[in-house]
Amino acid sequence: APVIVFENVSKAYQKGTPAISNINLQIRKGEFVFIVGSSGSGKSTMIKLMLKEIEPTNGKVYVNYKDLSRLRRGQVAKYRRSLGVVFQNFRLLKDRNVYENVAFAQRVIETPNRIIRRQVPAILSVMGLSDKHKSLPSELSGGEQQRVALARALVNNPIILLADEPTGNLDPKNSWEIMRLLEEINKRGTTVVVVTHNSDIVDKMQKRVITMNKGILISDEQKGGYTRAH
Ligand code: ADP
Ligand code: ADP
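Keep in mind the model is a prediction, meaning the values are calculated, not measured. (Residues numbered from 1 in each chain as written. Chains lettered and ligands numbered in written order. Predicted model: local features only at pLDDT ≥ 70, side-chain atom pairs only at ≥ 80, totals over all residues. Heavy atoms only, no water.)

Draft legend 1. Local environment of the overall build of the protein. Scanning the protein from N- to C-terminus turns up seven helices and ten strands. The dimensions of the protein, computed from C-alpha atoms along their principal axes, are 50 × 40 × 30 Å. Split into buried and exposed, the 230 residues of the protein put 50% on the buried side. In the protein, the proportion of contacts linking residues at least 24 apart, taken out of those at least 6 apart, comes to 67%. With an accessible surface of roughly 11,500 Å², the protein has 47% of that area assigned to carbon and sulfur atoms. Across the protein, the centroid of the 36 positively charged side chains sits 6 Å from that of the 21 negatively charged ones. (Helix = DSSP H or I, 4+ residues; strand = E, 2+ residues; numbered from the N terminus. Buried < 20%, exposed > 50% of the residue type's maximum accessible area, 1.4 Å probe, protein only. Contact = heavy atoms within 4.5 Å. Areas by Shrake-Rupley, 256 points an atom, 1.4 Å probe, with all protein chains shown as cover. Lys, Arg positive; Asp, Glu negative; His and termini not counted. Charge placed at Lys NZ, Arg CZ, Asp CG, Glu CD.)

Okay, structure coming up:
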(Lines give C-alpha, C1' and ligand atoms only; values in the text may rest on other atoms or scores of the structure.)
(Ligands and ions follow the chains in the order given, each with its own letter.)
Protein backbone atom coordinates (compact mmCIF):
# COMPACT_ATOMS: atom_id res chain seq x y z
CA ALA A 1 0.00 0.00 0.00
CA PRO A 2 1.18 3.57 -0.66
CA VAL A 3 2.75 5.39 2.33
CA ILE A 4 1.33 8.78 1.28
CA VAL A 5 -2.16 9.23 -0.17
CA PHE A 6 -4.00 12.45 -1.05
CA GLU A 7 -7.64 11.64 -1.81
CA ASN A 8 -9.52 14.53 -3.44
CA VAL A 9 -7.74 17.02 -1.20
CA SER A 10 -8.55 20.73 -1.28
CA LYS A 11 -7.40 23.46 1.07
CA ALA A 12 -8.78 27.00 1.19
CA TYR A 13 -7.22 29.25 3.84
CA GLN A 14 -10.05 31.71 3.43
CA LYS A 15 -12.96 32.23 1.03
CA GLY A 16 -11.89 32.58 -2.56
CA THR A 17 -9.31 30.70 -4.58
CA PRO A 18 -8.20 27.55 -2.79
CA ALA A 19 -4.46 27.02 -2.19
CA ILE A 20 -4.83 23.49 -3.58
CA SER A 21 -7.77 21.88 -5.39
CA ASN A 22 -8.77 18.25 -5.72
CA ILE A 23 -5.34 16.70 -5.35
CA ASN A 24 -5.14 12.93 -5.91
CA LEU A 25 -1.76 11.42 -5.31
CA GLN A 26 -0.18 8.17 -4.17
CA ILE A 27 3.44 7.71 -3.17
CA ARG A 28 4.70 4.17 -2.59
CA LYS A 29 7.17 3.06 0.02
CA GLY A 30 10.73 3.60 -1.18
CA GLU A 31 9.92 6.19 -3.86
CA PHE A 32 11.93 9.39 -4.46
CA VAL A 33 9.58 12.20 -5.50
CA PHE A 34 10.10 15.86 -6.37
CA ILE A 35 7.23 18.34 -5.98
CA VAL A 36 7.85 21.40 -8.15
CA GLY A 37 5.96 24.51 -9.19
CA SER A 38 6.28 28.26 -8.97
CA SER A 39 5.90 30.22 -5.73
CA GLY A 40 2.32 30.10 -4.46
CA SER A 41 1.44 26.93 -6.40
CA GLY A 42 0.57 24.98 -3.22
CA LYS A 43 3.73 22.96 -2.45
CA SER A 44 4.15 24.09 1.16
CA THR A 45 0.43 23.56 1.73
CA MET A 46 0.91 19.90 0.74
CA ILE A 47 3.84 19.54 3.16
CA LYS A 48 1.84 21.20 5.97
CA LEU A 49 -1.07 18.83 5.35
CA MET A 50 1.28 15.84 5.59
CA LEU A 51 2.64 17.18 8.89
CA LYS A 52 -0.93 17.84 10.12
CA GLU A 53 -0.02 21.47 10.73
CA ILE A 54 -3.22 22.33 8.84
CA GLU A 55 -6.41 20.42 8.02
CA PRO A 56 -7.83 19.93 4.51
CA THR A 57 -11.05 21.75 3.66
CA ASN A 58 -12.08 18.65 1.71
CA GLY A 59 -10.70 15.18 1.16
CA LYS A 60 -8.39 12.91 3.13
CA VAL A 61 -4.66 12.66 3.68
CA TYR A 62 -3.14 9.33 4.71
CA VAL A 63 0.49 9.06 5.82
CA ASN A 64 2.16 5.92 7.11
CA TYR A 65 -1.15 4.10 6.64
CA LYS A 66 -2.87 6.53 9.04
CA ASP A 67 -5.91 8.67 8.23
CA LEU A 68 -4.61 11.98 9.59
CA SER A 69 -8.13 13.30 10.21
CA ARG A 70 -8.55 10.53 12.78
CA LEU A 71 -5.37 11.24 14.72
CA ARG A 72 -6.32 12.49 18.14
CA ARG A 73 -4.85 15.77 19.39
CA GLY A 74 -2.65 13.94 21.87
CA GLN A 75 -1.16 11.78 19.12
CA VAL A 76 -0.08 14.55 16.75
CA ALA A 77 3.32 15.31 18.28
CA LYS A 78 4.21 11.63 18.31
CA TYR A 79 3.00 11.29 14.71
CA ARG A 80 5.21 14.22 13.57
CA ARG A 81 8.23 12.74 15.28
CA SER A 82 7.71 9.56 13.24
CA LEU A 83 8.56 11.56 10.09
CA GLY A 84 11.92 13.02 9.14
CA VAL A 85 11.62 16.67 8.13
CA VAL A 86 14.14 19.21 6.83
CA PHE A 87 13.60 22.83 5.84
CA GLN A 88 15.32 25.52 3.81
CA ASN A 89 16.48 27.39 6.92
CA PHE A 90 17.81 24.28 8.77
CA ARG A 91 15.99 25.06 12.06
CA LEU A 92 18.81 23.87 14.32
CA LEU A 93 19.05 24.63 18.04
CA LYS A 94 21.50 27.54 18.05
CA ASP A 95 22.79 27.02 21.61
CA ARG A 96 23.49 23.28 21.22
CA ASN A 97 26.39 21.65 19.47
CA VAL A 98 26.06 19.27 16.51
CA TYR A 99 26.02 16.14 18.65
CA GLU A 100 23.33 17.57 20.95
CA ASN A 101 21.17 18.76 18.03
CA VAL A 102 21.01 15.19 16.74
CA ALA A 103 20.80 13.54 20.18
CA PHE A 104 17.88 15.84 21.05
CA ALA A 105 15.68 14.09 18.46
CA GLN A 106 16.30 10.84 20.32
CA ARG A 107 15.99 12.28 23.83
CA VAL A 108 12.46 13.57 23.13
CA ILE A 109 11.34 10.04 22.31
CA GLU A 110 13.13 8.75 25.40
CA THR A 111 15.72 6.68 23.62
CA PRO A 112 18.07 5.08 26.16
CA ASN A 113 21.43 6.83 26.50
CA ARG A 114 23.45 3.80 25.45
CA ILE A 115 21.52 3.76 22.11
CA ILE A 116 22.02 7.51 21.64
CA ARG A 117 25.75 7.12 22.25
CA ARG A 118 25.88 4.51 19.51
CA GLN A 119 23.50 5.97 16.93
CA VAL A 120 24.42 9.68 16.96
CA PRO A 121 28.09 9.12 16.02
CA ALA A 122 26.98 6.60 13.38
CA ILE A 123 24.64 9.01 11.58
CA LEU A 124 27.15 11.90 11.92
CA SER A 125 29.68 9.67 10.21
CA VAL A 126 27.28 8.93 7.32
CA MET A 127 26.80 12.70 6.92
CA GLY A 128 30.56 13.36 6.99
CA LEU A 129 30.33 15.35 10.23
CA SER A 130 32.32 13.24 12.68
CA ASP A 131 34.97 15.90 13.26
CA LYS A 132 32.31 18.63 13.77
CA HIS A 133 30.38 17.00 16.58
CA LYS A 134 31.36 19.68 19.12
CA SER A 135 30.74 22.67 16.81
CA LEU A 136 27.85 25.08 17.26
CA PRO A 137 25.59 25.69 14.23
CA SER A 138 27.02 29.23 13.93
CA GLU A 139 30.46 27.71 13.36
CA LEU A 140 29.28 25.65 10.37
CA SER A 141 28.76 26.40 6.68
CA GLY A 142 25.24 26.24 5.23
CA GLY A 143 25.94 22.85 3.68
CA GLU A 144 27.20 21.49 7.00
CA GLN A 145 24.17 22.87 8.83
CA GLN A 146 21.84 21.15 6.38
CA ARG A 147 23.75 17.88 6.89
CA VAL A 148 23.19 18.24 10.66
CA ALA A 149 19.48 18.79 9.97
CA LEU A 150 19.47 15.65 7.81
CA ALA A 151 21.24 13.66 10.53
CA ARG A 152 18.65 14.83 13.05
CA ALA A 153 15.79 13.96 10.67
CA LEU A 154 17.16 10.47 10.05
CA VAL A 155 18.55 9.34 13.39
CA ASN A 156 15.23 7.76 14.39
CA ASN A 157 14.94 5.86 11.08
CA PRO A 158 11.74 7.42 9.71
CA ILE A 159 9.85 5.64 6.91
CA ILE A 160 9.39 9.02 5.19
CA LEU A 161 11.67 12.04 4.82
CA LEU A 162 9.98 15.33 3.85
CA ALA A 163 12.32 18.06 2.60
CA ASP A 164 10.91 21.57 1.94
CA GLU A 165 13.38 23.49 -0.27
CA PRO A 166 16.40 21.76 1.33
CA THR A 167 18.86 23.42 -1.06
CA GLY A 168 17.20 26.87 -1.08
CA ASN A 169 20.04 28.46 0.92
CA LEU A 170 22.93 26.48 -0.56
CA ASP A 171 25.35 26.98 -3.42
CA PRO A 172 25.37 24.41 -6.26
CA LYS A 173 28.21 22.32 -4.79
CA ASN A 174 26.51 21.96 -1.40
CA SER A 175 23.13 21.45 -3.06
CA TRP A 176 24.48 18.47 -4.98
CA GLU A 177 26.06 17.08 -1.81
CA ILE A 178 22.67 17.20 -0.05
CA MET A 179 21.00 15.56 -3.05
CA ARG A 180 23.63 12.81 -3.10
CA LEU A 181 22.85 12.15 0.58
CA LEU A 182 19.08 12.14 -0.07
CA GLU A 183 19.61 9.62 -2.85
CA GLU A 184 21.76 7.47 -0.55
CA ILE A 185 19.07 7.64 2.18
CA ASN A 186 16.46 6.64 -0.40
CA LYS A 187 18.59 3.67 -1.55
CA ARG A 188 18.57 2.46 2.06
CA GLY A 189 14.76 2.30 1.89
CA THR A 190 13.44 5.66 3.14
CA THR A 191 10.70 7.27 1.06
CA VAL A 192 11.93 10.77 0.11
CA VAL A 193 9.70 13.71 -0.87
CA VAL A 194 11.52 16.91 -1.90
CA VAL A 195 9.88 20.27 -2.61
CA THR A 196 12.25 22.34 -4.75
CA HIS A 197 12.75 25.19 -7.19
CA ASN A 198 16.08 23.80 -8.29
CA SER A 199 15.41 22.93 -11.93
CA ASP A 200 18.98 21.87 -12.62
CA ILE A 201 18.84 19.20 -9.93
CA VAL A 202 15.37 17.99 -10.92
CA ASP A 203 16.35 17.72 -14.59
CA LYS A 204 19.56 15.82 -13.90
CA MET A 205 18.24 13.40 -11.27
CA GLN A 206 15.46 11.90 -13.41
CA LYS A 207 13.13 10.99 -10.55
CA ARG A 208 9.35 11.10 -10.31
CA VAL A 209 8.26 14.75 -10.66
CA ILE A 210 4.89 16.12 -9.53
CA THR A 211 4.23 19.60 -10.91
CA MET A 212 1.86 22.02 -9.21
CA ASN A 213 0.40 25.09 -10.88
CA LYS A 214 -1.98 27.46 -9.06
CA GLY A 215 -3.06 24.72 -6.68
CA ILE A 216 -3.67 22.11 -9.35
CA LEU A 217 -1.57 19.02 -9.94
CA ILE A 218 -0.80 19.46 -13.64
CA SER A 219 1.64 16.63 -14.24
CA ASP A 220 3.05 13.54 -12.57
CA GLU A 221 5.86 11.88 -14.47
CA GLN A 222 8.25 9.05 -13.76
CA LYS A 223 11.81 10.14 -14.65
CA GLY A 224 10.49 13.63 -15.21
CA GLY A 225 12.06 17.04 -15.57
CA TYR A 226 11.40 20.52 -14.18
CA THR A 227 11.12 22.43 -17.39
CA ARG A 228 9.05 20.12 -19.58
CA ALA A 229 5.72 20.82 -17.86
CA HIS A 230 6.06 24.64 -17.80
P1 ADP B 1 4.21 27.31 -2.41
O2 ADP B 1 4.73 26.50 -1.29
O3 ADP B 1 4.11 26.54 -3.69
O4 ADP B 1 4.91 28.61 -2.58
P5 ADP B 1 1.92 27.74 -0.69
O6 ADP B 1 1.34 26.39 -0.40
O7 ADP B 1 2.77 28.38 0.35
O8 ADP B 1 2.68 27.67 -2.09
O9 ADP B 1 0.74 28.74 -1.02
C10 ADP B 1 -0.34 28.42 -1.88
C11 ADP B 1 -1.33 29.57 -1.83
O12 ADP B 1 -1.92 29.62 -0.54
C13 ADP B 1 -0.71 30.92 -2.08
O14 ADP B 1 -1.65 31.68 -2.80
C15 ADP B 1 -0.51 31.48 -0.69
O16 ADP B 1 -0.52 32.88 -0.66
C17 ADP B 1 -1.69 30.90 0.06
N18 ADP B 1 -1.40 30.69 1.50
C19 ADP B 1 -0.42 29.91 2.01
N20 ADP B 1 -0.44 29.93 3.35
C21 ADP B 1 -1.46 30.74 3.69
C22 ADP B 1 -2.02 31.17 4.93
N23 ADP B 1 -1.52 30.76 6.10
N24 ADP B 1 -3.09 32.02 4.90
C25 ADP B 1 -3.60 32.44 3.73
N26 ADP B 1 -3.14 32.05 2.52
C27 ADP B 1 -2.09 31.23 2.50
P1 ADP C 1 7.96 29.47 2.12
O2 ADP C 1 8.62 30.39 1.15
O3 ADP C 1 8.90 28.63 2.92
O4 ADP C 1 6.80 28.67 1.52
P5 ADP C 1 6.36 31.64 2.98
O6 ADP C 1 7.17 32.87 3.16
O7 ADP C 1 5.53 31.43 1.74
O8 ADP C 1 7.30 30.40 3.23
O9 ADP C 1 5.35 31.49 4.20
C10 ADP C 1 5.77 31.75 5.51
C11 ADP C 1 4.56 31.62 6.42
O12 ADP C 1 3.53 32.54 6.01
C13 ADP C 1 3.92 30.25 6.33
O14 ADP C 1 3.58 29.83 7.64
C15 ADP C 1 2.68 30.41 5.47
O16 ADP C 1 1.63 29.55 5.88
C17 ADP C 1 2.31 31.85 5.72
N18 ADP C 1 1.71 32.44 4.50
C19 ADP C 1 2.11 32.28 3.24
N20 ADP C 1 1.33 32.95 2.39
C21 ADP C 1 0.40 33.59 3.17
C22 ADP C 1 -0.69 34.45 2.91
N23 ADP C 1 -1.04 34.80 1.67
N24 ADP C 1 -1.40 34.92 3.95
C25 ADP C 1 -1.08 34.56 5.20
N26 ADP C 1 -0.06 33.76 5.52
C27 ADP C 1 0.67 33.27 4.52
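So much for the structure itself; the text now carries on.
Draft legend 2. Summary view of the side chain of Ser41. Mapped onto the elements, Ser41 comes out in the loop between β3 (32–36) and α1 (43–50). A residue is classified by how much of its surface remains accessible, and Ser41, at 1% relative accessible area, is buried. Within the local environment of Ser41, its side chain forms a polar contact with the backbone oxygen of Ser38, the two atoms lying 2.7 Å apart. Once residues within four sequence positions are removed from consideration, Ser41 is found in contact with Ala19, Met212, Asn213, Lys214 and Gly215. (Polar contact = N/O pair within 3.5 Å; in protein donor to acceptor, adjacent residues only side chain to side chain.)

Draft legend 3. Quick look at the nonpolar core. One finds Phe34, Val102, Leu124, Met127, Leu150, Leu182 and Val194 to be the most contacted residues of the largest nonpolar core, which totals 40 residues. Counting only elements with at least two residues in this core, the list comes to β3, α3 (98–107), α4 (113–126), α5 (142–154), β7 (160–164), α6 (172–187), β8 (191–195) and α7 (199–205). Considering every element that reaches this core, the biggest residue donor is α5, with six residues. In contact with Met127, other than residues within four places in its own chain, are Arg147, Leu150, Ala151, Leu154, Leu181 and Ile185. (Core = buried A, V, L, I, M, F, W, Y, C linked by side-chain atoms within 4.5 Å.)

Draft legend 4. Structural view of the environment of Thr57. Position of Thr57 among the secondary structure elements: in the loop between α1 and β4 (58–63). Through-space distance from the C-alpha of Thr57 to that of Ala12 is 6.2 Å; in sequence the pair is 45 residues apart. If we skip the residues at most four places from it in the chain, Thr57 touches Ser10, Lys11 and Ala12. There is a polar contact of 2.8 Å between the side chain of Thr57 and the backbone nitrogen of Ala12.

Draft legend 5. The environment of Ala12, seen in detail. Checked against the element boundaries, Ala12 lands in the loop between β1 (4–11) and β2 (20–27). Setting aside residues no more than four positions away along its own chain, Ala12 makes contact with Pro18, Ala19 and Thr57.

Draft legend 6. Structural view of the side chain of Glu31. On the secondary structure map, Glu31 appears in the loop between β2 and β3. You can call Glu31 buried: its relative accessible area is 10%. Within polar-contact distance, the side chain of Glu31 engages the backbone nitrogen of Arg28 at 2.7 Å. Contact partners of Glu31, with chain neighbours within four places excluded, come to Gln26, Asn186, Thr190, Thr191, Val192, Arg208 and Gln222.

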